[in-house]
Amino acid sequence: MEILLALLPVYAAYLLGTASPGPSNMAIMGVAMSQGRVPALMLAAGVISGSLFWAMLVATGLSTLLLAWAQAVTVIKIVGGLYLLWLAFKAARSASQSRPLNEGGAIAMPLPYHALYRRGLLLHLSNPKAIMVWMAIMSLGIHADASPWLLPMIVGGCALLGIVVFSSYALLFSTRVMSRGYQKCRRGIEGVFALFFTAAGIKLLSSR
């Protein structure tokens, strides 16, 4: 019962953080509508892997050293902000075309799975807020006399929640209804994505 009471606020905080709209969820939504279910799941797998990386970093205490070295966090913010602006540029360029084009000017082909996985991974690894979120989650559940089983249950439980949340985004937005809606309103949707990624990138670059 004591472990359950310690886990409930942790799981609730993680679920709220992952389910709320953010760059990773928006990216999964876009890929799901434009390329389909499996590509969106591959992107989601990259996001989940990035989340687990930060979780293990916090669990081993290395995040404290990273945060103590302010320059490292600044580098992550710059890389993350620039990457979001790059995604914004690609979305804006796609919105400006009557048909989606790739870099060579030909009709765009779906990205390979490894590229989608890498995109999801980079989205989460280049987000310094992920470290803060995991540190807050750990502080909710871990205390001096906590059970040794609590830490693996936090990491494992949050990993399962992440799989459920991000996969649900991929499955929901890859339905035929969403796909048809994307085809009809592609330029408007890509424009919204461009604005969102631009705002997120500028916010990250200007944050302290």
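Residues numbered from 1 in each chain as written. Predicted model: local features only at pLDDT ≥ 70, side-chain atom pairs only at ≥ 80, totals over all residues. Heavy atoms only, no water.

**What about the side chain of Ser-167?**
Short version of the rule: In DSSP terms, a helix is any run of H or I states spanning at least four residues, a strand is any run of E spanning at least two, and both are numbered starting from the N terminus. Between two residues, a contact is recorded if the distance between any of their heavy atoms is within 4.5 Å.
Here Ser-167 lies in helix H8 (residues 150-172). With residues near it in sequence (within four places) discarded, Ser-167 still touches Leu-41 and Gly-162.

**Focus: the packing of aromatic side chains**
The condition is simple: Each aromatic pair joins two rings of Phe, Tyr and Trp (for Trp, the six-membered one) with centres within 6.5 Å, and gets the label stacked for planes under 30 degrees apart, edge-to-face for over 60, and tilted for any other angle. The cut-offs for exposure are 20% and 50% of the maximum accessible area for each residue type, with area from a 1.4 Å probe on protein chains only; residues under the lower value are buried, those over the upper are exposed, and the others partly exposed.
Following the criterion strictly, the structure yields six aromatic pairs and no others. Look at Tyr-14 and Trp-134: their rings are 5.3 Å apart centre to centre, the planes differ by 45°, and that puts the pair in the tilted class. Pair noted here: Tyr-14 is in helix H1 (residues 2-19) and Trp-134 is in helix H7 (residues 129-141), with a separation of 120 residues, a long-range link. We classify Tyr-14 as buried; its relative accessible area is 5%. Plain terms: the ring middles of Phe-53 and Trp-54 are 5.2 Å apart, the flat faces sit at 65° to each other, and that makes the pair edge-to-face.

**What to know about the packing of helix H2 (residues 23-35) against H8**
The angle between the axes and the distance between the axes are what describe a pair of packed helices. This is how it is decided: Convention adopted: a line fitted to C-alpha atoms gives each axis, helices being fitted over their contacting stretch, and angles between N-to-C directions are expressed from 0 to 180 degrees. Roughly parallel covers angles under 35 degrees, roughly antiparallel covers those over 145, roughly perpendicular covers 65 to 115, and oblique covers all other angles. In this scheme the crossing of two helices becomes right-handed for a clockwise turn of the near helix relative to the far one and left-handed for an anticlockwise turn of less than a right angle. Just so you know the grouping, Ala, Val, Leu, Ile, Met, Phe, Trp, Tyr, Cys and Pro go in nonpolar, Asp, Glu, Lys and Arg go in charged, and all remaining residues, Gly too, go in polar.
One way to put it is that H2 packs onto H8 with a least axis distance of 8 Å and a crossing angle of 30°. Judged by the angle between their axes, H2 and H8 are roughly parallel. Crossing hand, H2 versus H8: right-handed. Within the contact between the two elements, H2 uses Asn-25, Ile-28, Met-29 and Ala-32 and H8 uses Phe-166, Tyr-169 and Ala-170. Residue composition of the contact of H2 with H8, by class: six nonpolar, one polar and no charged.

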